[in-house]
Amino acid sequence: MSDDRGTTDQAGAAATMSKPAARPGLLRSLAHRLAGDEPEIPVEGHLASFDGATGWLNSEPLTPEGLRGRVVLVDFWTYTCINWLRTAPYVRAWDAKYRDLGLTVIGVHTPEFGFEHDVDNVVARSRGFGVEYPIAVDSNYGVWQAFGNHFWPALYIADTEGRIRYHHFGEGEYPMAEMIVQRLLLDAGAEGVDPDLVSVEPQGFEVAADWGTLRTPETYVGYGRSAGFASPESARFNVPHTYPEPDRLFLNEWAPSGSWTLAQHAAVSNETGARIGFQFQARDVNLVMGPATRGAKVPFRVLLDGAAPGDSHGFDVDEAGNGTLAEQRLHQLIRQPGSIRERLVEIEFLGAGAEAYCFTFG
């Protein structure tokens, strides 16, 4: 996900938010460490304090001092972030494989949207994603600021002395991160470290993007960070307005039609039949959305090039394109099989009070 604290151009070919300089020599020497060519892993700083956490899940509060003697992997995330979701199976697998050998994984949940501050939501979604390692609930950005972090997801790996030895921002470089973990465990005297890398079978949101065909970036619809707005009429902020349907949209443009209130945080539907159209090119179309009122349910319908999506439907809608908003989270609208081309997706809300936050693609 993105804001000035973390930005991803998902239309780019690279599967990262902000990619550090490549270190191929280090990767090669790590891969051949059994040959006796041990690389030097730089020290990048020290583990920051977790005192800014507003709570902890799956653990008592942890401290850098209390973690001495263990390799520590800190993973900054927020539960609607598609980029974090695609890294999640690797982090879970590392936790399962190396926990008993001396690795502690800490997920720092720093929310992007207002509803992600709700601890009940964090508990429910973390359980749904199978996150069993300790979670520092960072609702006030205290841990984020202590680390000087700017990205979701962001990975920091520290040795048994609390020294940060590696970081990575965004998706990708999973072999490098795992080999760093292995090396630090071996340096600490761990026995039985399997040099083979984990194998994962991602499902749902966790499936890697089809970067070769992806041409549409993450796009917010709240006016605070919106781009690509292409209504025939100018946007009206914070007031209800009925927008006309556009004649056509060009690639990476979107437009509301029907009655909407464009707020800073989201676009809010005011009546049945309000729509959003988006011209995109990607395998997957996802939308962070939900009912404005907790406990409410808002039905919706998805169209692809004006017709039911059929076998291109996402797992939050059926083949006819029907779905229901019951909670504020990331929803998958489209997952296309076969060849990918430029297409129009439309979401029609069959009730008032739907909030649409951000489109992501894969």
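Residues numbered from 1 in each chain as written. Predicted model: local features only at pLDDT ≥ 70, side-chain atom pairs only at ≥ 80, totals over all residues. Heavy atoms only, no water.

On to the pairing of strand 9 (residues 240-243). Consecutive residues of a regular strand have side chains that alternate between opposite faces of the sheet. Every second residue of strand 9 is oriented toward a common face, the buried set being His241 and Tyr243 and the non-buried set Pro240 and Thr242. Direction of pairing for strand 9 relative to strand 10 (residues 254-262): antiparallel, over a ladder of four bridges. Counted as the bridge partner of Thr242 is Ser259 from strand 10. (Buried < 20%, exposed > 50% of the residue type's maximum accessible area, 1.4 Å probe, protein only. Helix = DSSP H or I, 4+ residues; strand = E, 2+ residues; numbered from the N terminus. Pairing = 2+ DSSP bridges.)

So, about the nonpolar core. Within the largest apolar cluster, 71 residues are counted, with the highest numbers of intra-cluster contacts made by Trp94, Phe147 and Ile157. Among the elements that take part in this core, helix 2 (residues 82-98) stands out by supplying eight residues, more than any other. Judged by nonpolar contacts, the second largest core, of 32 residues, contains Phe280, Val298, Leu304 and Leu333. (Core = buried A, V, L, I, M, F, W, Y, C linked by side-chain atoms within 4.5 Å.)

Because each turn of an α-helix spans 3.6 residues, side chains separated by three or four positions in sequence point in the same direction. Burial in helix 3 (residues 119-128) covers these residues: Asn121, Val122, Val123, Arg125 and Ser126. Residues of helix 3 that are buried make contact with strand 2 (55-57), strand 3 (71-77), strand 4 (103-109), strand 5 (135-137) and strand 16 (329-335). N-cap assignment for helix 3: the residue whose side-chain oxygen lies 2.8 Å from the backbone N of Asp120 is Asp118. Once helix 3 finishes, Gly130 follows within two positions and takes phi at roughly 70 degrees, a positive value. (Contact = heavy atoms within 4.5 Å. Polar contact = N/O pair within 3.5 Å; in protein donor to acceptor, adjacent residues only side chain to side chain.)

In the structure shown here, the tally under the stated rule is one cavity of 30 Å³ or more. One number sums up the size of the largest cavity: a volume of about 110 Å³. Lining the largest cavity we find 14 residues, and of these Thr87, Leu155, His168, Gly170 and Tyr174 sit closest to its centre. Within the residue set of the lining of the largest cavity, elements represented by two or more residues are helix 2, strand 6 (154-158) and helix 5 (174-187). For the lining of the largest cavity, the element with the most residues is helix 2, which contributes four residues. Grouping the amino acids of the lining of the largest cavity by side-chain chemistry returns eight nonpolar, four polar and two charged. (1 Å grid on protein atoms, 1.4 Å probe; cavity = no way out; pocket = protein on both sides within 12 Å on 5 of 7 lines; lining within 4 Å. Points joined across faces, edges and corners; volume = space filled by probe spheres on them. Nonpolar A, V, L, I, M, F, W, Y, C, P; charged D, E, K, R; others polar.)

Structurally, Asp284 can be placed in strand 13 (residues 284-291). Classification of Asp284 by relative accessible area gives buried; the value is 2%. Here the side chain of Asp284 touches Arg283 through a polar contact of 2.8 Å, side chain to side chain.

Once that is clear, we can look at the packing of aromatic side chains. Scanning the model with the defined rule gives 29 aromatic pairs in all. Taking the centre distance of 5.8 Å and the plane angle of 80 degrees together, the rings of Trp260 and Phe349 count as edge-to-face. Taken together, the positions of Trp260 in strand 10 and Phe349 in strand 17 (residues 343-349) put the pair 89 residues apart, joining distant regions of the chain. Residue classification places Phe349 among the buried residues on the basis of a relative accessible area of 0%. For the pair Phe359 and Phe361, a centre-to-centre distance of 6.3 Å together with 10 degrees between the ring planes defines the contact as stacked. Judged by relative accessible area, which is 0%, Phe359 ranks as buried. Residue classification places Phe361 among the buried residues on the basis of a relative accessible area of 0%. (Phe/Tyr/Trp six-rings, centres within 6.5 Å; stacked < 30°, edge-to-face > 60°.)

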